[in-house]
Amino acid sequence: MSAEPAGAPPSVELRAAGSQDERFEAFVADVGPYLLRVALLLSGDWSHAEDLVQTTFERTYRSWERACAAGPRAYARKVLVNLRIDRWRRRRREVLTSLDALPDLATPSHADAVDSRNEVVRALADLPLAQRRVVVLRHLLDLTEAETAAELGVSVGTVKSHNARALARLRVLLLEGRQ
Amino acid sequence: MDPSRAARPADDAVVVAYLRDRAPGVPAVVFDPGTVTSRARRALRLRRRRRRTSVAVAAGAMAAYLALAVAGPLPSPGGGTMTVPGSGAVRAAVARFVPGGPPGPGQWRADVAGLDKEVRPVVERLRIFYLMASGPCHVLEYPHGIFRDGGRDCGDDPVPFDAQARADYAEVTRAVRRSGVAVERIYLNRGGTVVQIQDRSREYNWAYVYLPDRDSAPEQSRPDEQWTHVSGHWWFLREFDD
């Protein structure tokens, strides 16, 4: 099934020594796949997700000291989930990753099609962005309601209401999908 | 058993379990850290350059605006004058904080009221045609005579004030103090009374001018001369300091 448990972050151990760029490169290598998965869940599109991750890296690099203080992985994830994904305009299509393997059911030559065929990705894409963010953080990245609220800069009540509406909608979408 | 048939999402817990079970996992992709980092570095450089450019453009625009605002009404090609929005407020602020600058438009009416009430009656009664009212030089020219003192810097041919001239000079300077306007000199010119204001500009002189016989600004005698009506027969004049 999945390459690793759904919400589990990869083990990120940044070398304390080395230049900023060296530490950032280690960070990119460690966290890239994790962020790519989050981006894919949020955007529903492989190429779009790559662009989002590159932008996330650029913004994290820009504020690297602040990111290190907050925890680079958490900082980068927060940057990523708060990007204006729906209004995103793709500016580049260079592929910065090499596909050793793809998520479940994937075939390397049809990455976009594969992602759009994934039932969950497709269902998430049907949700409004705010609800999609909550579902991804809360259930697929295993954040608590309080952590999700803090990550998105909204109240816990907002998280709960988005979550309830999203799950209701997903239930319908997934039931329809199965029939 | 086929899990897609077994777990139909009927309630929230099942929906969540269903999502977790079928969501794509972490892809086994390999990022190129060097490429990503160099692009991030390049993006940062571009951002900094854009920011520097933006700051420079904004500073230039602000400097141009302030220059136009402080310069005041400027002659427009079709005749008349034009000013940038907020020019009066800017000039008033400059006048308040920069000593030696011209009074701002917000001050003109009050100055003119003081001059009209305190200074003009005395000047007209004594029929003064030239008076220097600031600095070490004292000059008074009027029908009673021409008087000039204050030392060598004030002219090569000093003429000591007599008692009458001293009293008349003192009366005018008291009137000037009561008006609250920092007056440099008062003289007749352009068909009226010119009250030149103290300033430290090497480029311009500024004056309030009382023109009793005119309803419009006089013809410009120089291109950079600028007349602005204040109230009644009073005008504000900016002229080149030659």
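Predicted, not measured: the structure shown is a model, and the values here were computed from it.

K.L.:
What should I look at first to understand the overall build of chain B in this one?
P.N.:
Of the regular secondary structure elements, chain B holds 6 helices and 11 strands. Counting every position in chain B, which comprises 242 residues, the buried fraction comes to 40%. When contacts within chain B are restricted to residue pairs at least 6 apart in sequence, those whose partners lie at least 24 apart make up 42%. Here chain B has roughly 13,500 Å² of accessible surface; of this, 55% comes from carbon and sulfur atoms.

K.L.:
Looking at this structure, I do not really get the sheet that holds strand β10 (residues 226-231) of chain B. What am I missing?
P.N.:
Across a sheet, paired strands are connected by hydrogen bonds in the backbone, their directions being either parallel or antiparallel. All names here are of chain B. With antiparallel pairing, 8 strands are arranged side by side in an open sheet as β6-β5-β4-β7-β8-β9-β11-β10. The sheet is open, and its two edges are formed by β6 (145-149) and β10, each paired on a single side. For this sheet the average axis-to-axis angle between neighbouring strands, irrespective of direction, equals 20°. Strand direction decides the pairing type here: strand β4 (residues 130-132) and strand β7 (residues 183-189), joined by 3 bridges, are antiparallel.

K.L.:
What is the right way to look at the nonpolar core in this model?
P.N.:
Side chains that are nonpolar tend, in soluble globular proteins, to be buried together. Within the largest apolar cluster, 56 residues are counted, with the highest numbers of intra-cluster contacts made by A:Phe24, A:Leu35, A:Phe57, A:Leu124, A:Leu170, B:Leu19 and B:Phe31. Of all the elements, helix α1 (residues 20-43) of chain A adds the most residues to this core, at 12 residues. Both domain 1 (1-88) and domain 2 (118-179) of chain A contribute no fewer than three residues apiece to this core. Setting aside residues no more than four positions away along its own chain, B:Leu19 makes contact with A:Val120, A:Val135, A:Leu140, A:Leu167, A:Leu170 and A:Leu174. B:Trp108, B:Phe161, B:Val195 and B:Phe236 belong to the second largest nonpolar core, which has 30 residues in total.

K.L.:
What's the story with unusual backbone geometry in this structure? I'm lost.
P.N.:
It is generally the case that most residues other than glycine have a negative phi and that most peptide bonds are trans. One non-glycine residue, A:Asp142, adopts positive backbone phi at about 60°. Along the chain, A:Asp142 turns up in the loop between α7 (129-140) and α8 (145-152). In this structure A:Asp142 comes out as partly exposed when scored by relative accessible area, which is 45%. You will see that B:Arg127, though not glycine, has its phi angle at about 55°, which is positive. Mapped onto the elements, B:Arg127 comes out in the loop between α5 (105-126) and β4. Judged by its relative accessible area of 57%, B:Arg127 is exposed.

K.L.:
I tried to follow helix α4 (residues 72-81) of chain A on my own but got confused; where do I start?
P.N.:
All names here are of chain A. Extensive coverage of α4 is indicated by the burial of 7 of its 10 residues. Among all positions in α4, only Pro72, Tyr75, Ala76, Arg77, Val79, Leu80 and Val81 are buried. The elements touched by buried residues of α4 are α1, α2 (46-62), α3 (64-70), α7 and α8.

K.L.:
Even after reading the chapter, I still don't get the packing of aromatic side chains, so can you show me in this structure?
P.N.:
Any pair of aromatic rings gets described here by the distance separating the centres and the angle formed by the planes. Inspection of the entire model under this criterion finds 14 aromatic pairs over all chains. Pairing A:Phe24 with A:Phe57 gives two aromatic rings, centres 6.1 Å apart and planes at 80°, and the pair type is edge-to-face. Here A:Phe24, found in helix α1, pairs with A:Phe57, found in helix α2; they are 33 residues apart in sequence, far enough to count as distant. Taking the relative accessible area as the measure of exposure, A:Phe57 reaches 0% and is therefore buried. Aromatic pair B:Phe147 and B:Phe161: ring centres 5.6 Å apart, planes at 40°, arrangement tilted. One end of the pair, B:Phe147, is in strand β6; the other, B:Phe161, is in the loop between β6 and α6 (163-179), with 14 residues separating them in the sequence. Assessed through its relative accessible area of 7%, B:Phe147 is described here as buried.

K.L.:
Explain the pairing of β10(B) here, please?
P.N.:
Two faces, one strand: in a regular strand the side chains alternate between the faces of the sheet. All names here are of chain B. Counting buried positions along β10 gives 5 out of 6 residues, so the element sits mostly inside the fold. Bridging between β10 and strand β11 (residues 234-240) involves 5 bridges; their strand directions are antiparallel. What sits directly across from histidine 229, in β11, is tryptophan 235. In textbook terms, the turn of a hairpin is the stretch between consecutive antiparallel strands, and for β10 and β11 this stretch comprises 2 residues, one of which, glycine 232, has a positive phi near 55°.

K.L.:
Before we go on, may I ask you to explain the packing of α1(A) against α2(A) in this structure?
P.N.:
The description of two helices packed together rests on the angle between their axes and the distance between the axes. Residue and element names in this part refer to chain A. Packing of α1 against α2 leaves a shortest axis separation of 8 Å and a crossing angle of 140°. Considering the relative orientation of α1 and α2, their crossing is right-handed. Judged by residue contacts, Gln20, Asp21, Phe24, Phe27, Val28, Gly32, Leu35, Leu36, Ala39, Leu40 and Ser43 of α1 engage Trp46, His48, Ala49, Glu50, Leu52, Val53, Thr56, Phe57, Thr60 and Tyr61 from α2. For the contact of α1 with α2, the class distribution of residues is 13 nonpolar, 6 polar and 2 charged.

Cut-off values and rules
- Residues numbered from 1 in each chain as written.
- Chains lettered and ligands numbered in written order.
- Predicted model: local features only at pLDDT ≥ 70, side-chain atom pairs only at ≥ 80, totals over all residues.
- Heavy atoms only, no water.
- Helix = DSSP H or I, 4+ residues; strand = E, 2+ residues; numbered from the N terminus.
- Buried < 20%, exposed > 50% of the residue type's maximum accessible area, 1.4 Å probe, protein only.
- Contact = heavy atoms within 4.5 Å.
- Areas by Shrake-Rupley, 256 points an atom, 1.4 Å probe, with all protein chains shown as cover.
- Pairing = 2+ DSSP bridges.
- Axes fitted to C-alpha atoms, helices over the stretch in contact; angles between N-to-C directions.
- Core = buried A, V, L, I, M, F, W, Y, C linked by side-chain atoms within 4.5 Å.
- Domains from an automatic or database assignment.
- Phe/Tyr/Trp six-rings, centres within 6.5 Å; stacked < 30°, edge-to-face > 60°.
- Left-handed = near helix turned anticlockwise from the far one by under 90°.
- Nonpolar A, V, L, I, M, F, W, Y, C, P; charged D, E, K, R; others polar.

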